[in-house]
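# Summary of structural features
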Amino acid sequence: MRDAFLKTCCALLLLAGPAPLAGPAEALAVRAVASQLVKEGRLEEAIACYERAANATADLQNNASFLKAASEIALRRLRDPDRALALAEKIKGQGHSQSRQLVLLVNGRHFAEAIAQFGDAEIQSWPHTCHLESFLARGTAYGELKRPADAKEDLERAVASSGAVIDRGWACKRLGDLYQDEMNDHDRALAVYRKGLAVTKGNYAWRNRCLLSIVAILVERRELDTAAEEFKAIEYSDLPSDYWRALFYISHAGVLREQRNNGQAATQLVKILRLAEVPDSIRENARVMLDALIEDMGGTTEKR
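A brief look at the structure comes next. (Residues numbered from 1 in each chain as written. Predicted model: local features only at pLDDT ≥ 70, side-chain atom pairs only at ≥ 80, totals over all residues. Heavy atoms only, no water.)

## Overview of the overall build of the protein
What counts is decided by this rule: Working definition: helices are DSSP H or I runs of at least four residues, strands are E runs of at least two. Numbering for both runs from the N terminus. Two things to know: the radius of gyration comes from C-alpha atoms, and the globule rule equals 2.2 Å times the number of residues to the power 0.38. To sort residues, take the accessible area from a 1.4 Å probe on protein chains only and compare it with the maximum for the residue type: under 20% means buried, over 50% means exposed, and anything in between is partly exposed. The contact definition used throughout considers only heavy atoms, calling two residues in contact when any of these lie within 4.5 Å. What sets the accessible areas is the Shrake-Rupley method with a 1.4 Å probe; for residues, cover comes only from the shown protein chains. Charged residues are defined here as Lys and Arg on the positive side and Asp and Glu on the negative side; His and the ends of the chain fall outside this count. To locate a charge, take atom NZ for lysine, CZ for arginine, CG for aspartate or CD for glutamate.
Looking only at helices and strands, the protein features 16 helices and zero strands. Taken against the 2.2 N^0.38 rule, which gives 19 Å for 304 residues, the C-alpha radius of gyration of the protein at 24 Å runs more than 25% over that of a compact globule. Seen through its principal axes, the protein has C-alpha atoms that stretch 80 × 45 × 30 Å. Put simply, the protein has 304 residues, and 48% of those count as buried. For the protein, the proportion of contacts with a sequence separation of at least 24, taken over those separated by at least 6, is 52%. Accessible area for the protein stands at about 15800 Å²; split by element, carbon and sulfur atoms hold 50% of it. For the protein, the separation between the mean place of its 41 positive charges and that of its 42 negative charges on side chains is 4 Å.

## Remarks on the nonpolar core
Keep this limit in mind: We define a nonpolar core as any set of buried Ala, Val, Leu, Ile, Met, Phe, Trp, Tyr and Cys residues linked to one another through side-chain atoms lying within 4.5 Å.
Grouped together as the largest cluster of nonpolar side chains are 96 residues, with contacts concentrated most on Y50, L102, F248, L269 and I272. When neighbours within four sequence positions are excluded, L102 is seen to be in contact with A114, F118, I123, W126, S134, A137 and R138.

## A short note on the pattern of salt bridges
The condition that has to hold: Definition used for salt bridges: Asp or Glu carboxyl oxygen within 4 Å of a side-chain nitrogen of Lys or Arg.
For the structure shown, the criterion picks out 21 salt bridges. Across the salt bridge formed by R42 and E40, the nearest N and O atoms sit 2.5 Å from each other. Classification of E40 as partly exposed rests on a relative accessible area of 42%. Residues E156 and K152 are paired through a salt bridge, measuring 3.2 Å at the closest nitrogen-oxygen approach. With E156 and K152 both in helix α9 (residues 148-159), this residue pair falls four residues apart, about one helical turn. Accessibility expressed as a relative area gives 26% for E156, which makes it partly exposed. The structure contains a network of salt bridges with shared partners spanning K152, E156, D185 and R188.

Set out below in structure tokens:
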């Protein structure tokens with residue numbers, strides 16, 4: 001059944017003239033073919049498929065979507081950022097094209113170039129589907145270039161925009177960091193970090209970092225009981241790796257130590273030492289903290 005569907009899609013895509021499908025149906029047909037090609041490792045053919053469909057379609061949204069997908073293959077799978085950028089430049093809609101170019105430049109850490117090209121761009125005039133990732137990208141670039149006022153304006157617009165979960169989450173994380181690190185505004189940082197937590201309950205890196213940042217602020221404000229409560233919501237078995245388990249254990253141990261619950265803090269640190277795949281730097285920090293706790297409790301350090 002699937003093979004027959006793919007053959008039908010291929011036949012439609014090879015027809016000359018305007019695409020026989022339109023809108024979501026066209027997008028589904030094209031992606032079905034291209035995704036199968038990617039799965040088979042036929043990356044050049046997948047890019048060609050997307051380019052051919054982008055040239056044939058009369059739908060500007062699909063044109064942008066197809067060339068964006070092609071640029072993702074070039075960037076992520078072929079490791080060719082120049083080609084990805086060239087594909088983005090082919091997008092017919094100016095706003096869609098500029099948005100994709102901006103995102104690619106920032107993802108490639110070309111922050112100064114991104115601002116030189118798009119610092120004066122009226123992102124609000126671009127298609128609404130571009131707003132979130134574009135404001136996020138430019139706000140990130142401004143932040144990296146140490147222009148906090150400009151970063152704040154764009155990141156606040158990103159947080160207020162709708163779009164993909166991962167972009168919404170990173171917008172909250174980066175705006176929270178800006179409030180905390182550059183403006184020393186802990187109240188606003190906490191609010192936007194919590195907004196990030198509300199985006200999804202999935203174990204994304206940005207979500208875990210939002211939670212760790214919340215705990216750090218609460219400890220600094222000496223709201224230790226509230227900080228300790230944050231760990232009750234963590235399902236350690238669901239975390240994606242020992243790296244994240246270790247970060248949460250060491251953070252929890254820090255809160256417990258501040259509460260003078262040294263025994264419980266030591267328990268969290270021992271858990272880190274028992275994990276199989278923990279970076280050496282985190283493991284060493286856990287050992288140092290554990291040694292200090294044992295000394296405080298009047299004990300002796302045993303070989304672990």
